[in-house]
Amino acid sequence: MSTIDPVMTIAEIIDAQREIKTPFCLKVNRPEGSQSELHVESILRLLPAKRVVAKAFDNGKPVLLKIFLGRSADKYATRERMGVQAINQCGVKTPDLLWEGDLKDGHVLAFEFLSDTVSLYDRWERASEAIERLDILAQVVKIISCLHAHGVVQTDIHLDNFLMSAGEIYTIDGGSIERQSSGPLPESASSQNLALFFAQLYPRYDAMIGQAFQQYESSREWKQNETRVQVLRREVEVCREVRKKHYIKKIFRETTRFICHSSFNRFEVYERAAVNDELSALIQAPDIAIESGATLKSGNLSTVALVHHQDRSLVIKRYNIKNLPYGFKKAFQKSAAWYLWRSAHYMEFLGIPSLKPIALIANRGNPLRSTTYIITEYLDGRNASEHLFNMEKQNGELKAIADILNDLSSAKVSLGKLSAASFLMTAEGPRIINLDGIREYNSQSEFAHAFSKDLEYFMASWQENSEVKRQLSELLQDLLTRYDVKT
């Protein structure tokens, strides 16, 4: 922390958008008439021209600043303050609001800075046993039940909004806190808010909902009721579908995560964190990169090349236009690259290891030049059949493949012609690389019909490796029985 850090005004912070350089000083008018000079050390979260969350020092003491920007600053600051007050009134821990201040075109709230914090999402991700995750859910639903008992809900409810510090759990994000009733929250509203929380988790964890809800019922002093659980499960599915649609929309537009440029003759969207000079040059001239790269596949419909950069290797897939009739037909359809970009991100949404997409590029406006490209990270590995052929000792690879198939079943997703070659075995474990035939189902019966064919095709692809097929049959016994697959 330096005493000669540059002073920034709110106007300069707004103009900087995502390029706010730290450290800097911020002069804030306090309610008692004094002025504080805060030394902002680092940006923790940023919503350009709207909100900045930062670690700062006030007279040498660390504080968490929420800086609200622009004409709506006072409104959002008030919402945050009232949310914090509501959390406190419920007897739930939240970082103390120390003071608030004004500045031109902005409003500042200074909170207690919690040291050595870890979000419950991070704890959840690091947990290796189901019992650890159930314990996390039990702690969270107990807090949620306390909020609900006082008529309060968190509208943006997920594990990242709960922090662990010094053995205590803190609820954060007062801006998403609403008081919806003067007394205890009604059962229907309670169930809807809980469903929103559980919908943030991957479908593979839905089996834990029943046990976690028992903790909630106990905290609310409700008698256990199986009908409530069934209603909650249905609401989780509805909430997850809404969340999925919102998630997919965001991968095709400018967001914190993605950079997007759209014009009459070109569309491009790519990972903001992946941007450097080499990637920028590749996006501007993908054909040059393909010509200079190592050809992995060359055909009428697509060309695939491997490109090595200083910090990483990338795979570029170009979907070719064969002829004029084909070009006219494709000009009025979403491209295969579009679907692959969507499918890879949908796998990410479900927590299923797959391709890592970096960029989508589409030339448009001319049927003969409407080529599309998708750029993905290069995955170093071999297909599962080659990797596991005559392998003397497995190291969890088959269990990892079985877990992925169970995850697909939980999410009601069929890949179509699923085989051993659909999996690439990498140092981080198996990844699905065949996403061209992916299909999502709402109907369980329709999904069961499609997935049974997936499993039949998958098991048949191991005919030449009877030992691996036997082990897979054991690992997948529940799935094979459920979908009536004969091996």
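Look up: the structure comes first, before these words.
Definitions and limits used
- Residues numbered from 1 in each chain as written.
- Predicted model: local features only at pLDDT ≥ 70, side-chain atom pairs only at ≥ 80, totals over all residues.
- Heavy atoms only, no water.
- Helix = DSSP H or I, 4+ residues; strand = E, 2+ residues; numbered from the N terminus.
- Buried < 20%, exposed > 50% of the residue type's maximum accessible area, 1.4 Å probe, protein only.
- Contact = heavy atoms within 4.5 Å.
- Areas by Shrake-Rupley, 256 points an atom, 1.4 Å probe, with all protein chains shown as cover.
- Lys, Arg positive; Asp, Glu negative; His and termini not counted.
- Charge placed at Lys NZ, Arg CZ, Asp CG, Glu CD.
- Arc of directions from axis to C-beta.
- Polar contact = N/O pair within 3.5 Å; in protein donor to acceptor, adjacent residues only side chain to side chain.
- Axes fitted to C-alpha atoms, helices over the stretch in contact; angles between N-to-C directions.
- Parallel < 35°, antiparallel > 145°, perpendicular 65-115°, else oblique.
- Left-handed = near helix turned anticlockwise from the far one by under 90°.
- Nonpolar A, V, L, I, M, F, W, Y, C, P; charged D, E, K, R; others polar.
- Phe/Tyr/Trp six-rings, centres within 6.5 Å; stacked < 30°, edge-to-face > 60°.
- Lys NZ or Arg CZ within 6 Å of the ring centre and 35° of its normal.
- Pairing = 2+ DSSP bridges.
- Core = buried A, V, L, I, M, F, W, Y, C linked by side-chain atoms within 4.5 Å.
- Salt bridge = Lys/Arg side-chain N within 4 Å of Asp/Glu carboxyl O.

Our focus in this paragraph is the overall build of the chain. Within the chain one finds 16 helices and 23 strands. Residues classed as buried in the chain amount to 48% of the 487 residues present. Look at the contacts in the chain between residues 6 or more apart in sequence, and 59% of them connect residues 24 or more apart. Here the chain has roughly 24900 Å² of accessible surface; of this, 48% comes from carbon and sulfur atoms. Within the chain, one finds 61 positive and 61 negative side-chain charges whose respective centroids are separated by 6 Å.

Within the sequence span of helix H8 (residues 277-284), burial applies to Leu279, Leu282 and Ile283. End-on, the buried residues of H8 take up no more than an arc of 95°, which puts them together on one face. Away from its buried face by more than 90 degrees, H8 exposes Asp277 and Gln284. Among the residues of H8, the N-terminal cap falls to asparagine 276, whose side-chain oxygen and the backbone nitrogen of glutamate 278 are separated by 3.2 Å.

Interaxial distance between helix H13 (residues 397-411) and helix H15 (residues 466-475) falls to 10 Å at its minimum, and their mutual angle equals 45°. The orientation of H13 relative to H15 falls into the category oblique. Taken as a pair, H13 and H15 cross one another with a handedness that is right-handed. Contacts between H13 and H15 involve Leu398, Lys399 and Ala402 from the former and Val468, Gln471, Leu472 and Leu475 from the latter. Here the contact of H13 with H15 is composed, by residue class, of five nonpolar, one polar and one charged.

All right, on to the packing of aromatic side chains then. Taken as a whole and judged by the stated rule, the model has 15 aromatic pairs. Residues tyrosine 346 and phenylalanine 349 carry aromatic rings whose centres are separated by 6.2 Å and whose planes lie at 15° to one another, so their mutual orientation is stacked. On the criterion of helical spacing, the pair formed by tyrosine 346 and phenylalanine 349 is a turn pair, its members being three residues apart in helix H11 (residues 336-350). Taken individually, tyrosine 346 and phenylalanine 349 each receive the classification buried, so the pair is uniform in this respect. A connected cluster of aromatic rings, assembled from ring pairs, spans Tyr441, Phe447, Phe451 and Tyr483. When the ring centre of tryptophan 99 is taken as reference, the NZ or CZ atom of arginine 30 above it lies at 3.9 Å. Geometry around tyrosine 346 places lysine 244 over its ring, the cationic atom sitting 5.4 Å from the centre.

Once that is clear, we can look at the sheet that holds strand E10 (residues 168-171). A sheet is described by the order of its strands in space; here three strands give the open sequence E7-E9-E10, paired in antiparallel fashion. With partners counted over all chains shown, the strands left at the sheet margins are strand E7 (118-119) and E10, one partner each. Bridge count for E7 against strand E9 (residues 162-165) is two bridges, and the pairing is antiparallel. Across the sheet, the residue bridging to valine 118 is methionine 164, located in E9. Helix H4 (residues 130-149) contacts E9 and E10 of the sheet and is inclined by roughly 115° relative to E9.

Here the focus is the nonpolar core. Residues Met347, Leu405, Leu408, Val413, Phe423, Phe458 and Leu476 are the most contacted members of the largest nonpolar core, which totals 56 residues. In terms of residues, this core owes the most to one element, H11, which gives eight residues. Leaving out residues up to four positions away in the same chain, leucine 476 has contacts with Ala402, Leu405, Phe458 and Met459. With 37 residues, the next largest nonpolar core counts Val141, Phe198, Ala199 and Val236 among its residues.

What follows deals with the environment of valine 231. Mapped onto the elements of the fold, valine 231 is located in helix H7 (residues 226-250). Once the C-alpha coordinates of valine 231 and lysine 75 are considered, the two residues, 156 residues apart in sequence, prove to be 36 Å apart.

This paragraph deals with the packing of helix H5 (residues 187-198) against helix H6 (residues 209-219). Their axes nearest at 12 Å, the elements H5 and H6 cross at an angle of 135°. Judged by the angle between their axes, H5 and H6 are oblique. Relative to H6, H5 is oriented so that their crossing is right-handed. Contact residues: Ser190, Leu194 and Phe198 in H5; Ile209, Ala212, Phe213 and Tyr216 in H6. Here the residues of the contact of H5 with H6 are counted per class, giving six nonpolar, one polar and no charged.

Evaluation of the coordinates by the stated rule reveals 22 salt bridges. When the shortest N-O distance is used, the salt bridge between aspartate 403 and lysine 399 registers 3.0 Å. A residue pair is termed a helical-turn pair when its members lie 3 or 4 positions apart in one helix, as aspartate 403 and lysine 399 do in helix H13 at four residues. According to the relative accessible area criterion, lysine 399 is partly exposed, its value standing at 44%.

Within a regular strand, the side chains alternate between the two sheet faces. As judged from the five bridges shared by strand E12 (residues 258-262) and strand E13 (residues 266-271), these two strands associate in the antiparallel manner. Bridged to serine 262 within E13 is phenylalanine 267. What sits between the antiparallel neighbours E12 and E13 is a turn of three residues.

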